[in-house]
Amino acid sequence: MSGKQIIYALLLTLGGLVLQTTLFGESRIEPFGSSPNLVLLLVVICAAYLEPEPALLVAFTSGLLTDLLGGSVIGLWAISMVVVAYITLRVRRRIDDGVIVVAAGLLALSVLGQAIFAIAGTLFGQQVFADPGWYRQIVLPSLYNVVIAALLIPIVSKIMGGRQVRRLV
Amino acid sequence: MEPFRRFDRSTSLFIGLLIVSFLTATIDVRSQGAGIGDTLREGTQSLFAPVQQAASVVTRPIVGFVDGISNIAGLRDENERLVNRIKELEAQVQDVVGLQNRLEELERINDLDPPGDLAAVTARIFSVGTSEFDHIRWIDRGTDDGVVEGHTVIDEDGLVGRVDFATESRARVRLISDPNNGVGVRDLSTNETGIVEGQGSGPLRLRMFNPELSVDEGDLIVTEGGRFAPGIVVGSVAVSATAEAGFSLITEVTAAVDFTRIDFVKVIVGWLPSEFSGPPEPGDPIPDAPDPFEGN
């Protein structure tokens with residue numbers, strides 16, 4: 001594990017965060033009233049390339065920055081992204097099973113990440129479920145994430161050195 | 001599934017990070033957005049804002065292009081006889097339309113008089129929320145420009161939201177569509193008061209304090225004062241409603257502002273709710289509520 005990979009992973013998620021707040025969302029690109037969750041997607045992809053501890057720390061940092069630049073309680077996205085990164089570390093061996101498994105996994109992890117935020121947000125008084133379209137806010141970004149992953153995975157793979165996905169042993 | 005080793009290093013770190021996250025969230029909620037949370041937000045915003053503003057310059061044309069394409073697609077049937085002409089002009093229009101819309105919006109918003117001739121500053125949105133659940137905007141004006149927490153934000157159509165966090169050069173606006181935001185309002189047809197609450201992507205919800213009088217579709221709803229400057233158009237009643245069993249009167253309001261299109265806004269710096277400006281001193285003049293029809 002090189003320190004360079006960790007820095008690349010951090011830069012990627014930070015770049016995703018900047019794009020998320022300037023290119024996607026309300027007043028920006030938002031097909032069918034929703035936009036992808038780039039940071040969550042990048043956390044999942046980077047977790048597939050990093051050692052467990054750095055992957056969790058990158059996820060935590062990304063989540064914390066997402067909270068700080070957003071309007072929610074600090075720590076909610078950190079919870080969500082740490083959980084998603086941890087599960088990614090546990091299931092990333094299944095990447096070898098093919099494109100459909102990867103797509104299904106990304107979809108499930110994205111839905112899980114969004115759902116954890118919604119539930120944790122509710123626990124901390126964010127009233128996420130007051131929005132009648134809350135289920136759409138969870139499902140649509142996850143579907144967009146799967147589509148965008150087709151573009152991002154080769155790029156991230158190249159940046160991270162094109163190496164084999166790591167395994168927890 | 002990878003083999004699970006009880007309390008291996010990554011699991012310990014995972015649990016540790018979860019605990020830290022929960023503690024951070026708890027502290028942030030308990031401090032009600034002040035203290036260390038605000039300091040961290042301010043620091044992060046100072047670091048990211050220049051990058052976001054630069055990125056926004058690059059992404060605006062892309063957003064404008066996508067917006068232009070989607071508008072063209074939506075109007076295709078209606079404008080069928082103009083298709084050939086559109087094709088000729090499309091290339092030019094796509095470049096120009098985005099700039100023109102922004103210029104017009106800026107002109108309109110600079111002509112806009114805030115209610116009661118209150119002082120206001122024009123600001124531009126440079127960044128949006130970080131997720132689908134965020135109903136905020138970051139504007140390029142802050143405490144250096146007189147913008148502080150509690151200020152009302154409007155655009156040429158009506159009420160946009162309220163500043164809930166401000167740094168020296170930037171501020172965060174929480175939209176009225178945010179479920180955590182409530183606006184004290186008045187129905188101009190009946191003069192009855194109530195509260196409008198955000199529902200995220202859904203329409204605004206209106207709850208009248210007096211359920212005896214019905215509200216009718218099209219009734220104009222304006223701010224009543226309290227947390228927002230009074231007399232600003234919030235929207236119009238979308239569905240007529242009468243009280244259910246005399247207990248409550250709840251209906252929907254169509255917001256006057258299209259939250260997906262706001263770019264420039266005006267921050268009313270000449271009015272602060274009492275929770276921020278403090279109690280009135282003896283001898284202070286009693287402010288008059290502005291006439292919402294003034295200038296119409």
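Residues numbered from 1 in each chain as written. Chains lettered and ligands numbered in written order. Predicted model: local features only at pLDDT ≥ 70, side-chain atom pairs only at ≥ 80, totals over all residues.

Regarding the overall build of chain A
Piece 1. A tally of helices and strands in chain A yields six helices and zero strands.
Piece 2. A compact globule built from 169 residues would reach a C-alpha radius of gyration of about 15 Å, and chain A, at 15 Å, matches this within 12%.
Piece 3. Reported as C-alpha extents along the three principal axes, the dimensions of chain A are approximately 45 × 30 × 30 Å.
Piece 4. Here chain A, with 169 residues, has 54% of them falling under the buried criterion.
Piece 5. Relative to all contacts within chain A whose residues are 6 or more apart in sequence, the contacts with residues 24 or more apart total 70%. (Helix = DSSP H or I, 4+ residues; strand = E, 2+ residues; numbered from the N terminus. Rg over C-alpha atoms; globule rule 2.2 N^0.38 Å. Buried ≥ 20, exposed ≤ 12 C-beta atoms within 10 Å, placed from the backbone. Contact = placed C-beta atoms within 7 Å.)

Overview of the domain arrangement of chain B
Residue and element names in this part refer to chain B.
Piece 1. In terms of domain boundaries, chain B breaks down into domain 1 (36–111) and domain 2 (116–274).
Piece 2. Across the boundary between the two partners, domain 1 contributes 15 residues, which contact 12 residues of domain 2.
Piece 3. Put simply, the parts of the chain that give the side of domain 1 that touches domain 2 at least two residues each are helix H2 (36–74) and helix H3 (83–111).
Piece 4. When residues in the side of domain 1 that touches domain 2 are grouped by element, the largest group, nine residues, is from H2. (Domains from an automatic or database assignment.)

Regarding the nonpolar core
Piece 1. Ranked by size, the top nonpolar core spans 56 residues in total, and within it Val-43, Cys-46, Ala-47, Ala-59, Met-81, Val-82 and Ala-85 of chain A carry the most contacts.
Piece 2. Counting residues per element, the ones that place at least two in this core are helix H1 (3–22), helix H2 (38–47), helix H3 (52–69), helix H4 (76–91), helix H5 (99–123) and helix H6 (134–159) of chain A together with helix H1 (9–30) and H2 of chain B.
Piece 3. The residues touching Met-81 of chain A, leaving out its near neighbours within four places in the chain, are Leu-40, Val-43, Ala-59, Phe-60, Ser-62, Gly-63 and Gly-113 of chain A.
Piece 4. Val-160, Met-208, Ile-232 and Val-265 of chain B belong to the second largest nonpolar core, which has 44 residues in total. (Core = buried A, V, L, I, M, F, W, Y, C linked by C-beta atoms within 7 Å.)

So, the confidence of the model for chain B
Residue and element names in this part refer to chain B.
Piece 1. With 75% of its residues at a pLDDT of 70 or more, chain B shows a mean pLDDT of 80.
Piece 2. Segment residues 283–296: pLDDT under 50, and 13 contacts once partners within four positions in sequence are set aside and those in other chains are kept.
Piece 3. Confidence estimates for the predicted assembly give a pTM of 0.74 and an ipTM of 0.89. (pLDDT = per-residue confidence, 0-100.)

Considerations on the sheet that holds strand E10 (residues 233–237) of chain B
All names here are of chain B.
Piece 1. Pairing is antiparallel in the closed barrel, where six strands are placed in the order E6-E7-E8-E11-E10-E9. In this sheet, neighbouring strand axes are inclined to one another by 40 degrees on average, regardless of whether the strands run parallel or antiparallel.
Piece 2. Both strand E6 (residues 182–187) and strand E7 (residues 193–197) contribute to a ladder of five bridges, which runs antiparallel. Counterpart to Arg-186 in the pairing with E7 is Thr-193. (Pairing = 2+ DSSP bridges. Axes fitted to C-alpha atoms, helices over the stretch in contact; angles between N-to-C directions.)

Let's talk about the interface of chain A and chain B
Piece 1. If you look at the interface, chain A gives 56 residues, while chain B gives 51 residues.
Piece 2. Secondary structure elements with two or more residues in the side of chain A that touches chain B: H1, H3, H4, H5 and H6 of chain A.
Piece 3. Taken together, the residues of the side of chain A that touches chain B break down into 28 nonpolar, 20 polar and eight charged. (Nonpolar A, V, L, I, M, F, W, Y, C, P; charged D, E, K, R; others polar.)

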